[in-house]
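Spelled out, the chains give:
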Amino acid sequence: MQHYNTYEACCAEKKIAENHWAIPHDIWREIEDSKNGKKKENQRTLEFEVVQGIKEFLHEEVLDRVAWLIAVDNQVNWSDLKIHK
């Protein structure tokens, strides 16, 4: 940016038009947008809910959560289970 400022000052002093290849892209975009009447849009942010997790792991809760995960996501192939009778 400091080189562009020097270049801009020299061009203004000598009354020479600036070459568009010498202007940094972000400044060039602002100039073009102002010519076309476009406004610069700010970056948008997403808002997420804060979810409270489990504070302590109990055997019953872990067993329940794993069973729910397997049942809902169908992560068990029933033919591969070996049940001892």
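Scroll up for the structure.
Anyway, here's the lowdown on the structure attached to this text. Predicted model, so just to flag it, every value in this text is computed and none were measured. (Residues numbered from 1 in each chain as written. Predicted model: local features only at pLDDT ≥ 70, side-chain atom pairs only at ≥ 80, totals over all residues. Heavy atoms only, no water.)

**Things to note about unusual backbone geometry**
If a residue is not glycine, its phi is most likely negative; likewise, a peptide bond is most likely trans. A positive phi angle is found at Lys15, which is not glycine, with a value near 55 degrees. You can see Lys15 is positioned in the loop between helix H1 (2-14) and helix H2 (25-36). (Helix = DSSP H or I, 4+ residues; strand = E, 2+ residues; numbered from the N terminus.)

**Things to note about H1**
Here H1 is 13 residues long and its end C-alpha atoms lie 19 Å apart, about the 18 Å a rise of 1.5 Å per residue gives. Of the residues one or two after H1, Lys15 is the one with positive phi, at around 55 degrees. (Expected span 1.5 Å × (residues − 1).)

**Things to note about H2**
Every α-helical turn comprises 3.6 residues, leaving residues that sit three or four positions apart pointing alike. For H2, spanning 12 residues, the distance from its first C-alpha to its last is 16 Å, which sits close to the expected 16 Å at 1.5 Å a residue. Positive backbone phi, approximately 80 degrees, marks Gly37, located one or two places after H2.

**Digging into the pattern of salt bridges**
Taken as a whole and judged by the stated rule, the model has 1 salt bridge. In this structure, the salt-bridge partner of Glu32 is Lys35, at a minimum N-O distance of 3.8 Å. With Glu32 and Lys35 both in helix H2, this residue pair falls 3 residues apart, about one helical turn. Its relative accessible area of 61% is what places Lys35 among the exposed residues. (Salt bridge = Lys/Arg side-chain N within 4 Å of Asp/Glu carboxyl O. Buried < 20%, exposed > 50% of the residue type's maximum accessible area, 1.4 Å probe, protein only.)

Keep in mind these values describe shape, not function.
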